[in-house]
Amino acid sequence: MGQNIPETTSAPTIITQSQNERIDPSNPHELSATLYNEDLAPTTRTGRTWSSYSIFTLWANDVHSLGNYAFAIGLFALGMSGWQILGALGIGAILLFALLNLSGFMGEKTGVPFPVMSRIAFGINGAQIPALLRGAVAIAWFGIQTFLASQVLSVMVIALAPGAASLQASSFLGLDTLGWICFITLWAVQLVIVSYGMEMIRKYEAFAGPVILVTFLALAIWMLFESGFNVSMTTGESKSGLDMWVGIFGAAALWVSIYGTFVLNFCDFTRGATSKNAIVRGNFFGIPLNMLFFGAIVVVLTGTQFSINGAVITSPSDVVEAIPNTLLLVLASGALLILTIAVNLMANFVAPTYALTNLFPKKLNFRAAALISGFIGLVILPWNLYNSPEIINYFLGGLGALLGPLFGIIMADYWIVRRARINVLDLYRTNPEGTYYFTRGVNYRAVLSLAISSVFALLLAFLPALHVVGPFAWFLGSGAGAVTYLILAKRHLDLTDIDGEAIAVTPKH
């Protein structure tokens, strides 16, 4: 599991000596083995394969995740009308479109993954802080999402082989035998996919996107026929006046907060984007348009079910389980499994894999780091985490609250302080004179900004007296991080703009 540096002029042999020793003449760019390997290197321009369709299919999968449906359907249950839900999703989509473009452009310009991008603001060593925070949140949710998908698979198995229900009678470490079989199966499938790298993930997302869109459209059409095309736009107690607008903007803010992880490390994907236009087009069709389509599906599924029996579903899974035909039920459940795997790969597997690669670049490549991430996602017994409100609310909720300040700091540093002028070569150098060396490799101004704004974000997340502004916590935390950093940041910086094409690597898989 060592590093495999291509023997080309664009990816030179890297040094293992300290800065006090003679530089290897075969390493003209003075790259450090503690910062550079093939997977952390910039992506060559010619090796970038993520088109606008590739980016669109990311959102075609992620927007339609079961968690997002549960959130949007919950708005209907809380008294928001169908039109109000569409309005909230529309406002959130516009905000997300802007934020994701800002984040995505960074990856397209530099070609580097999120842990390396973090070196710009936090220093070549300090970047471990944001990378590991993002990775820790993702790896826990990877396990939890795999567990939730395994429950869908269990329903499929029992539908096809009713005798398999007997496997639910015994359990081990909190999970029944059938649950273990289904969990390990899905866990292994995801490890196989991700072990082939980002290109395989791109291909899987491209395959899954159309399947998901067609499946949810078919479910909506089926429910329309079941209800006689009678769609209830409200539960009968719609919000109005100021309460309505607070609800709409609060829901829009929460919708953006759901993507607080993704806007942070979107560069992991856009580092392979063919152009800025590809990012904009992919985001446009995948965010505003796709989210309105998502909203329409939510309104149809909830509105038709409510018109049928006055009940509000909690998830599209409720609709799938009610399908009377076994074959159609299995096909629909299979589509939900394809969806969950697609969402898990992009949202919860890539981040910890790059974080571990960044932590041990001399020992781990992308594949090895992916396997370790998957192993951790198994040994934490995620079903026990999911069944513990304290862990979900305080541990994962607390870590999640820190992602807003991180986003604010990184965006403020890149776009305002540095004006998008980056010396990519210095991101891989340990030279004390380097742009991102700061103090022993750590920008303590960024760390202090994170500490201050994190206290603010955690108070917003957990202090009952501030629950009124809870929906806006991600924005407030992000703003606090940006403002704090802009106050503390050093102003006289080297704004040399050098691309990384000289040390870039074309992905092999």
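Note that the structure is predicted; figures quoted are calculated from it, not measured.

Okay, unusual backbone geometry next. Even without a glycine there, the phi angle at F229 is positive, about 60 degrees. Within the fold, F229 resides in the loop between α7 (198–226) and α8 (241–258). The class of F229 is exposed, set by a relative accessible area of 52%.

Taken as a whole, this structure holds 29 aromatic pairs when the rule is applied. Relative to F216, the ring of Y69 has its centre 4.6 Å away and its plane inclined at 25 degrees; by these criteria the two rings are stacked. With Y69 in helix α2 (residues 66–77) and F216 in helix α7, the pair connects residues that are 147 residues apart, well separated along the chain. According to the relative accessible area criterion, Y69 is buried, its value standing at 0%. For the pair W180 and W383, a centre-to-centre distance of 4.9 Å together with 75 degrees between the ring planes defines the contact as edge-to-face. Taken together, the positions of W180 in helix α6 (residues 177–195) and W383 in helix α15 (residues 382–386) put the pair 203 residues apart, joining distant regions of the chain. Here W180 and W383 have matching classes, each one buried. In this structure an aromatic cluster arises from ring pairing among W50, W59, Y69, F71, F216, W255, Y259, F262, F266, F269 and F294. Geometry around F105 places K276 over its ring, the cationic atom sitting 5.2 Å from the centre.

It is worth spelling out the packing of helix α17 (residues 403–417) against helix α19 (residues 473–488) at this point. Two numbers describe how α17 lies on α19: the axes approach to 7 Å, and their chain directions differ by 45 degrees. In terms of axis orientation, α17 runs oblique to α19. Crossing hand, α17 versus α19: right-handed. Along its contact with α17, which presents L403, G404, P405, F407, G408, I409, A412, D413, I416 and V417, the element α19 presents W474, G477, S478, G481, A482, Y485 and L486. Of the residues assigned to the contact of α17 with α19, the class counts are 11 nonpolar, five polar and one charged.

What follows concerns the pattern of salt bridges. Side chains bearing opposite charge may pair, as long as their charged atoms lie close to each other. Applying the stated criterion across every chain, the model contains five salt bridges. In this structure, R45 and E108 form a salt bridge, with 2.6 Å as the shortest nitrogen-oxygen distance. Here R45, found in the segment before α1 (52–62), pairs with E108, found in helix α3 (residues 82–110); they are 63 residues apart in sequence, far enough to count as distant. In this structure E108 comes out as buried when scored by relative accessible area, which is 8%. A salt bridge links D413 to R418, with the nearest nitrogen and oxygen atoms 3.0 Å apart. By relative accessible area, D413 is classed as buried at 0%.

Scoring rules and cut-offs
- Residues numbered from 1 in each chain as written.
- Predicted model: local features only at pLDDT ≥ 70, side-chain atom pairs only at ≥ 80, totals over all residues.
- Heavy atoms only, no water.
- Helix = DSSP H or I, 4+ residues; strand = E, 2+ residues; numbered from the N terminus.
- Buried < 20%, exposed > 50% of the residue type's maximum accessible area, 1.4 Å probe, protein only.
- Phe/Tyr/Trp six-rings, centres within 6.5 Å; stacked < 30°, edge-to-face > 60°.
- Lys NZ or Arg CZ within 6 Å of the ring centre and 35° of its normal.
- Axes fitted to C-alpha atoms, helices over the stretch in contact; angles between N-to-C directions.
- Parallel < 35°, antiparallel > 145°, perpendicular 65-115°, else oblique.
- Left-handed = near helix turned anticlockwise from the far one by under 90°.
- Contact = heavy atoms within 4.5 Å.
- Nonpolar A, V, L, I, M, F, W, Y, C, P; charged D, E, K, R; others polar.
- Salt bridge = Lys/Arg side-chain N within 4 Å of Asp/Glu carboxyl O.

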